[in-house]
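# Notes for the structure review
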Amino acid sequence: MDVAESPLIVLRAFTRPFSFFLSHSLGSSWKWWESEAYALNEVPLVIYHFIRRFRSTIKEKDLNPVWNESFYFNISDPSNLHYLTLEAYLYNNVKATHSRSFLGKISVTGNSFVPYSDAVVLHYPLEKRGIFSRVRGELGLKDPGLAQTQGVSAPGMSSFRSEKSQARHTFHHLPNPGQESQHQHHASAAPDTHYVSKHEADQMKSEQQPAKLVRMYSASASQPVDYALKETSPYLGGGRVVDGRVIHGDKTASTYDLVERMYFLYVRVVKARELPAMDVTGSLDPFVEARIGNYRGITKHYEKQQNPVWNQVFAFSKDRMQASVLEVVVKDKDLLKDDFVGIVRFDINEVPLRVPPDSPLAPEWYRLEDKKGEKIKGELMLAVWIGTQADEAFSDAWHSDAATPVDSSPAASAVIRSKVYHAPRLWYVRVNVIEAQDLFATEKNRFPDAYVKVQIGNQVMKTKTLQARNLNPLWNEDLLFVASEPFEDHLVISVEDRVGPGKDEILGRVILPLNSVDRRADDRMIHSRWFNLEKPVAVDVDQLKKEKFSSRIHLRVCLDGGYHVLDESTHYSSDLRPTAKQLWRPAIGVLELGILNAVGLHPMKTRDGRGTSDTYCVAKYGHKWVRTRTLVDNLCPKYNEQYTWEVFDPSTVLTVGVFDNSQLGDKDSNGHKDLKIGKVRIRISTLEAGRIYTHSYPLLVLHPAGVKKMGELHLAIRFSCTSFVNMLYTYSKPLLPKMHYVRPFNVMQLDMLRHQAVNIVAARLGRAEPPLRKEVVEYMSDVDSHLWSMRRSKANFFRLMTVFSGVFAIGKWFTDICMWKNPITTVLVHVLFLMLVCFPELILPTAFLYMFLIGVWNFRYRPRYPPHMNTKISQADLVHPDELDEEFDTFPTSRNPELVRMRYDRLRSVAGRIQTVVGDVATQGERLQALLSWRDPRATALFVTFCLIAALVMYVTPFQAVAALAGFFMMRHPRFRHRMPSAPINFFRRLPARTDSMLLLLLILFCLLTPYFPIVDISRSVVVML
């Protein structure tokens, strides 16, 4: 028997009906095909093409041969089964010449595969190979069918059955038999006991290709292999992803094509009617329990209600199904034991498949049955279907893979659901306090020391205190706040009098609703208004009648919509649009994120004596926050959830974080704060349009003990550009809206406003259901990125050195040219310099051409993968433990005085070196100013005389000659150089600077204040600002 390997299966047999069916076992996701071949023709040979080649036996001298032979096929990728084609070729075997002649063929597509029990004998006419082929006859096949492997005798089935006995409910892949022939004669098929539908076939994916390690940076910035990015080739909903492209795409793929398609059994329990009474009093406290195998979902119960309405959805993962029957049981809530009311059963094989955009399945009334299967009183309205995570009911459903035995209360089930959040639209509130009139203090013999206090919610700001000698103080100060829509807090403005130290009295107050405040989208002037100040306490009515006037305050209040309210750092901001919607530009593309799974997560808690985690993911981009469902008690969770954002600017960053849900079970020592596992940042501008990036990102977290890998997060990302012209136009526009440049804020204001914005967003998202907790919002927004860190300071210094490394390299190269270390290169540089001097119009074209060639050369080495956290660039691999402890210290400090003294001294030494460098730079600048300032009369006189002579020489000498002489002088041979500094350098170093005018009082003051440790925090703030 000949067996040949090729992309198609070829079976050689003679004619009679051919039966082709898929056999499936509960212990494996592989499929085996069996064929029984018969023929009605005058030929002795048939060949079948599918994935492998097989040949039947030869029937000699028979025009109507009968084979009745069986064949098995190993399908490596069952999800693409309906794209494959079975081809059967008929040949005549000629013994004399040891050759064969073609007699016809047939083709059967995978769409015609049906359950084996439904397969019938069909006669296919033989097709011609060419126009002049002489083909006649028919080939009778039993229509290819799908069946179980249980009871089928086939090569490799013995090992399969042994696996089944060991792991009853675990799916495995059968080993590929390789070169072993799958040809089996006269095999008997077992009765068909289970129909494997198309959605089950799609679910049986082949194993992923091994992850390919990718280095993102150059060798100098490489990091440990365990911390590097890994490229994967997963099988997603649209097909297998290879090198950023989808191959063998699924024609039926939905919009959820960046995640592995997961199938769920959805059960919607709507309501019940006419339920029988169970108690002696004739009442009923009904609830519904939907169960399949060991998983069960329970609705809430109603007291004394025979027609309850639940409208609740349960989702059971198909991967974990342990039974083929769904039971929906109605029970009566009781103190000791719940009473059985009725049951409705469903066969999983008969449940319909629904894929959006199909309309939701209409619920139906089902008559309840007792335990014996007899109909009883009462009906239950249900809808049962099989769907994917693209179903509308996915986010609100109770999930079996997220079920927890720790806490089954409704509150616990609410905090494990997946949700999409929209952050509130933030506005800057500008309050310009101009002046006040007719203020009067409680004491008649003094003028008030007045100031204005403005408050919005928890935000409080004050103007400076004026000790004016009149009753009409003038401030003219701007106070800035952050407010969110809808405006719930009012603007409270009060004028207070500083009576004494720590004692203030309110002179008047005015309350303004933010809805009534004018809004502006540019820097146009808002009209000011006078507001009457009301008394803060109730007074007598007669006293009010006697007073003919009241105090007033002059204000200019507006909502600034021309700014972008910064709630995250501009270095990795996810949105740069202004608040006013009329200023928004059209979207340039769509960002799609598929959160696939996480592997190798570290246990974050202990449960039942073992480490575990209840993890969920949060993704933030723009105003849209998303949260996956919480997978309970799982260190390798599979989320497979996909989300979409509109992209308005390519210079934005997507942030994805992984957290441990601490809201389940008993109270923890961390105060029920969700624990941070790690996060990933992806800049949109580094993504190619239309390419799918499937990578496993290491979750690197900095702990007080050092950097630690908490696991890996598997993501699939695709950026689709909808307007290429608009995207290119965006690169010419400012990064921030216009108002940030017309009326910019200072650094202190930006820091304060950002802190207020993060608090507002955290408070608003914390009121959602399930809430997005404050620690999650702060971690995703990097609220503490502005604090002092010795490690980050070193990292920024080395980044700066890397940026200027090219300048240093050019300087070193030019020094080697001047020293004639390579005479040939030096001569060539002289020739090039002479050409540029003679033809100065070639200087700019040469520079731009050189940069063009460098860019083209670097194109082949361009990064093909999005950048990720790098421990070497972050200086996290060699950081000192004390520096990490200082970085994790609170502000103000909470460490002991001796440790704070040591860190303060270290900070003083670092600041002293910075001070020296800054002073040296200032000295050189002051020497340049001293050339013409006549601080040194003799030096200035010499320089002025030199300038006069140089002007006369340059006037009569061509510029090319002067430039050539100057260049050749600088690049002269070392024989013509002196070891001593040149005369111009000596002259410059002798010029005076202002260093001799500086006092040392500040340094003495710092030394005197050393015992007062709060100055450490002040110094940390000063260094951060520098």
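This is a predicted model, so every value here is computed, not measured.

### Describing the overall build of the chain
- When helices and strands are tallied, the chain shows 19 helices and 48 strands.
- Residues classed as buried in the chain amount to 45% of the 1026 residues present.
- The long-range fraction of contacts in the chain, counting pairs at least 24 apart against all pairs at least 6 apart in sequence, stands at 71%.
- When the accessible surface of the chain is summed, it comes to about 54,100 Å², and 58% of that surface belongs to carbon and sulfur atoms.

### Remarks on the packing of aromatic side chains
- All told, the structure shown has 21 aromatic pairs when counted by the stated rule.
- For the pair tyrosine 89 and phenylalanine 102, a centre-to-centre distance of 6.2 Å together with 55° between the ring planes defines the contact as tilted. A residue pair is termed long-range when its members are at least 10 positions apart, and tyrosine 89 in strand E8 (residues 85-94) and phenylalanine 102 in strand E9 (residues 99-109) qualify at 13 residues. Across this residue pair, the class does not change: tyrosine 89 and phenylalanine 102 are buried.
- Plain terms: the ring middles of phenylalanine 316 and tryptophan 398 are 5.7 Å apart, the flat faces sit at 65° to each other, and that makes the pair edge-to-face. Taken together, the residues phenylalanine 316 in strand E23 (residues 309-317) and tryptophan 398 in strand E28 (residues 398-399) connect sequence positions 82 residues apart.
- Grouped by ring-pair contacts, the aromatic residues Phe264, Tyr266, Trp385 and Phe394 constitute a single cluster.
- The ring of tryptophan 365 is capped by arginine 273, whose NZ or CZ atom sits 3.8 Å from the centre of that ring.
- The ring of tryptophan 427 has arginine 519 lying over it, and the distance from NZ or CZ to the ring centre is 5.0 Å.

### So, empty space enclosed by the protein
- The tally for this structure, following the rule as stated, stands at six cavities of 30 Å³ or more.
- If you add up the space inside the largest cavity, you get close to 180 Å³.
- Forming the walls of the largest cavity are 20 residues, and the residues nearest its centre are Leu426, His564, Val565, Asp575 and His623.
- Considered class by class, the residues forming the lining of the largest cavity number eight nonpolar, six polar and six charged.

### As for the pattern of salt bridges
- Here the structure, examined in full by the defined rule, presents 49 salt bridges.
- In this structure, arginine 430 and aspartate 478 form a salt bridge, with 3.4 Å as the shortest nitrogen-oxygen distance. Highlighted residues: arginine 430 in strand E30 (residues 426-437) and aspartate 478 in strand E33 (residues 474-484), separated in sequence by 48 residues.
- Through salt bridges with shared partners, a single network forms among Glu289, Arg291, Arg296, Glu327, Lys331, Arg345, Glu369 and Lys375.

### Side note on the packing of helix H10 (residues 805-818) against helix H11 (residues 823-838)
- Packing of H10 against H11 leaves a shortest axis separation of 9 Å and a crossing angle of 100°. The orientation of H10 with respect to H11, classified from their angle, is roughly perpendicular. In contact with Trp813, Asp816 and Ile817 of H10, H11 contributes Thr825, Thr826 and Val829.
- Across the contact of H10 with H11, the residue classes tally to three nonpolar, two polar and one charged.

### Some thoughts on the sheet that holds strand E19 (residues 245-247)
- Spatially, three strands are ordered E17-E18-E19 in an open sheet, and the strand pairing comes out antiparallel. With partners counted over all chains shown, the strands left at the sheet margins are strand E17 (235-236) and E19, one partner each.
- Where E17 and strand E18 (residues 239-242) come together, two bridges link them in antiparallel fashion. When the bridges of E18 are listed, tyrosine 235 appears paired with arginine 240.

### With respect to the sheet that holds strand E43 (residues 624-627)
- One open sheet holds the five strands; their spatial order is E29-E43-E42-E45-E46, and the pairing between them is antiparallel. Every interior strand has two partners, whereas the edge strands, strand E29 (419-422) and strand E46 (675-683), have only one. Neighbour to neighbour, the strand axes of the sheet diverge by 15° on average, direction disregarded.
- Looking at chain direction, E29 and E43 are connected through four bridges and run antiparallel. By the bridge assignment for E43, lysine 419 is matched with arginine 627.

### Considerations on the environment of leucine 426
- Looking at where leucine 426 falls in the secondary structure, it is placed in strand E30.
- Residues leucine 426 and valine 761 lie 335 residues apart in sequence; the distance between their C-alpha atoms is 8.7 Å.
- Non-local contacts of leucine 426, meaning those with residues more than four positions away in its chain, are made with Val482, Ala483, Ser484, Val565, Thr579, Ala757, Ile760 and Val761.

### Some remarks on the nonpolar core
- In terms of nonpolar packing, the biggest core is built from 35 residues, with Leu591, Leu593, Trp645, Leu713, Leu715 and Ile717 touching the most fellow members.
- Per-element accounting of this core gives the leading share, five residues, to strand E48 (residues 706-721).
- Setting aside anything within four residues of it in sequence, one finds leucine 593 in contact with Leu258, Ala619, Glu641, Gln642, Tyr643, Trp645, Leu654, Val656, Leu715, Ala716 and Ile717.
- Counting residues in each nonpolar core, the second largest holds 31 residues, with Val433, Leu439, Val454 and Ile456 among its members.

### Some points on the pairing of strand E44 (residues 638-647)
- Of all 10 residues in E44, seven are buried; the element is thus mostly enclosed.
- Pairing of strand E39 (residues 589-599) with E44 involves eight bridges; the strand directions are antiparallel. Counterpart to valine 590 in the pairing with E44 is glutamate 646.

### A word on unusual backbone geometry
- The residue after glutamate 485, namely proline 486, is reached through a cis peptide bond having omega -10°.
- Looking at the secondary structure, you find proline 486 in the loop between E33 and strand E34 (490-500).
- That bond from glutamate 769 to proline 770 is cis: its omega, 0°, falls within 30 degrees of zero.
- Position of proline 770 relative to the elements: it lies in the loop between helix H7 (747-765) and helix H8 (774-781).

### Some words on the confidence of the model for the chain
- For the chain, the mean per-residue pLDDT works out to 78, and 78% of the residues sit at or above 70.
- With pLDDT under 50 throughout, residues 1-44 is counted as low confidence; its partners more than four residues away or in other chains account for 279 contacts.
- In this model, residues 147-209 is a region of pLDDT below 50 whose contacts with residues beyond four sequence positions or in other chains number 169 contacts.

### Notes on a nonpolar patch on the surface
- On the surface, Phe797, Phe798, Leu800, Met801, Val803, Phe804, Val807 and Phe808 cluster together into a nonpolar patch covering about 780 Å² of accessible area.
- Elements with a minimum of two residues in the nonpolar patch: helix H9 (790-803) and H10.
- The element that contributes the greatest number of residues to the nonpolar patch is H9, accounting for five residues.
- On the basis of relative accessibility, which here comes to 41%, the residue phenylalanine 798 falls in the partly exposed class.

### Concerning H7
- The first and last C-alpha atoms of H7 sit 27 Å apart over 19 residues, in line with the 27 Å expected at 1.5 Å per residue.
- For H7, every residue scored as buried is listed here: Leu753, Arg754, Gln756, Ala757, Val758, Ile760, Val761, Ala762, Arg764 and Leu765.
- Considering only its buried residues, H7 is in contact with E29, E30, strand E32 (459-462), E33, E43 and H8.
- Capping the start of H7, asparagine 746 holds a side-chain oxygen 3.2 Å from the backbone nitrogen of methionine 748, two or three residues further along.

### Notes on the pairing of E18
- As consecutive antiparallel partners, E17 and E18 are separated by two residues.
- Across three bridges, the pairing between E18 and E19 is antiparallel. Opposite valine 242, over in E19, you have arginine 245 as the bridge partner.
- Adjacent in sequence and paired antiparallel, E18 and E19 are bridged by two residues, among which aspartate 243 carries a positive phi angle near 55°.

Parameters at a glance
Residues numbered from 1 in each chain as written. Predicted model: local features only at pLDDT ≥ 70, side-chain atom pairs only at ≥ 80, totals over all residues. Heavy atoms only, no water. Helix = DSSP H or I, 4+ residues; strand = E, 2+ residues; numbered from the N terminus. Buried < 20%, exposed > 50% of the residue type's maximum accessible area, 1.4 Å probe, protein only. Contact = heavy atoms within 4.5 Å. Areas by Shrake-Rupley, 256 points an atom, 1.4 Å probe, with all protein chains shown as cover. Phe/Tyr/Trp six-rings, centres within 6.5 Å; stacked < 30°, edge-to-face > 60°. Lys NZ or Arg CZ within 6 Å of the ring centre and 35° of its normal. 1 Å grid on protein atoms, 1.4 Å probe; cavity = no way out; pocket = protein on both sides within 12 Å on 5 of 7 lines; lining within 4 Å. Points joined across faces, edges and corners; volume = space filled by probe spheres on them. Nonpolar A, V, L, I, M, F, W, Y, C, P; charged D, E, K, R; others polar. Salt bridge = Lys/Arg side-chain N within 4 Å of Asp/Glu carboxyl O. Axes fitted to C-alpha atoms, helices over the stretch in contact; angles between N-to-C directions. Parallel < 35°, antiparallel > 145°, perpendicular 65-115°, else oblique. Pairing = 2+ DSSP bridges. Core = buried A, V, L, I, M, F, W, Y, C linked by side-chain atoms within 4.5 Å. pLDDT = per-residue confidence, 0-100. Patch = residues over 30% accessible without salt bridge, like charges linked within 9 Å, V, L, I, M, F, W, Y side chains within 5 Å. Expected span 1.5 Å × (residues − 1). Polar contact = N/O pair within 3.5 Å; in protein donor to acceptor, adjacent residues only side chain to side chain.

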